[in-house]
Each structure stands twice: as C-alpha cells, then as structure tokens.
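# Survey of secondary and tertiary structure
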Amino acid sequence: MIRVTTFLGLGEMGSALAAANLKHGAGTVVWNRSPGKAPSGATVADTVAAAVAADRVIVACLFDLTSVHDVLDPVAGGLAGRTLINVTTTTPNQSRSLAAWAADHGLTYLDGAIMAVPGMIGGPGSAVLYSGDADAFEANRPLLDRWGTSTFLGADAGAA
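Residues numbered from 1 in each chain as written. Predicted model: local features only at pLDDT ≥ 70, side-chain atom pairs only at ≥ 80, totals over all residues. Heavy atoms only, no water.

It is worth spelling out helix 4 (residues 92-104) at this point. For an α-helix, 3.6 residues make a turn, and residues three or four places apart therefore share a direction. For helix 4, with 13 residues, the first-to-last C-alpha span of 19 Å sits near the 18 Å given by 1.5 Å per residue. Along helix 4, the positions that sit buried rather than exposed are S95, L98, A99, W101 and A102. The arc that holds the buried residues of helix 4, viewed along the axis, is 160°, so those residues lie on one side. More than 90 degrees from the buried face of helix 4, the exposed residues found are N93, A103 and D104. Along its buried surface, helix 4 packs onto helix 3 (65-72), strand 5 (83-86) and strand 6 (108-115). One or two positions beyond helix 4, positive phi appears at G106, with a value near 80°. (Helix = DSSP H or I, 4+ residues; strand = E, 2+ residues; numbered from the N terminus. Expected span 1.5 Å × (residues − 1). Buried < 20%, exposed > 50% of the residue type's maximum accessible area, 1.4 Å probe, protein only. Arc of directions from axis to C-beta. Contact = heavy atoms within 4.5 Å.)

Put into structure tokens, the structure is as follows:
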C-alpha cells in the first residue's frame, strides 16, 4: 500500500509542507477552501471528506483553531483511527483542547510548531517542534523530517 498524506490548507506554509512531501515522491492529497493552490503533482480533493479518506495521516495547516474546527468538525465521525498532525498556529491551551477533541473522536494527535518561513521548509535551518503522542511522532518521522529538523518535546500537546 502506498503511503499517502493528506494536507488541509494550502496557504504559503501548507503549500511548502505539501511540496516537500512531493519532492520525496510521497503520495500527497490536498484540500483547500480556495481551489487552484495545489502544488504540481498533488492529488486535489474536492471535499474535506474525500481528502481525509485518502489515508491515515492528516496534516492541518489552517488559519487558526476555529478554522481547524470549521474544517474537521463536519467530518469528525469518520476520522477514528487516523493521526492528526496539527501545525496550525495555536496557543498551548488551544493545542491541549484540540488534542482532547482528537482523542474524543478516536484520532491520534501530534502538535507542531514550525520554526521557519515557507521558503526554508525542507532545507537547512528549518526546525519543527512537536508534542503530543510519542508513537505518532516516531511513526511519522520520515514525513516530519522532510520539513526540517524534528524535535519531540513530550506528551503535553501544548509544549510545542
């Protein structure tokens, strides 16, 4: 089975993350509110439901916590068994809240804080801090390391 990662949100950072995944020849499904922003080579999903059905790993790089809920709440019933890697900018308490929401819906949760601008993703000097589920961090390490140096800060989802 080909490993596919779903990317929700294709602003500058979301596009950079998806492009780094594509650069490594990895299956990449994308969804964005505004169509037409997909990096070359990505599979574009027409709906969030279609995007998250692609495989087990979902990367959310959206505007804020509200937008994460706006996008994922309508499909929450079908998310159990997946891993949510949230790199949307949130506060520590918002990250903890999202981790609790994910657990309530049967998702494994990993929070990320990107220490780079989009042009640095995948290159030297790019770093991403993670916190949340340690097993999800290890299992997804090949994906995470495509974006920059990956550092795990512990189980507290708000630590990153």
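In the structure shown here, the tally under the stated rule is three salt bridges. With its nearest N and O atoms 3.2 Å apart, the salt bridge here joins R141 to D145. On the criterion of helical spacing, the pair formed by R141 and D145 is a turn pair, its members being four residues apart in helix 6 (residues 141-145). R141 gets classed as partly exposed once you look at its relative accessible area, which sits at 27%. Each of the salt bridges in this network shares a partner with another, and the network as a whole consists of E138, R141 and D145. (Salt bridge = Lys/Arg side-chain N within 4 Å of Asp/Glu carboxyl O.)

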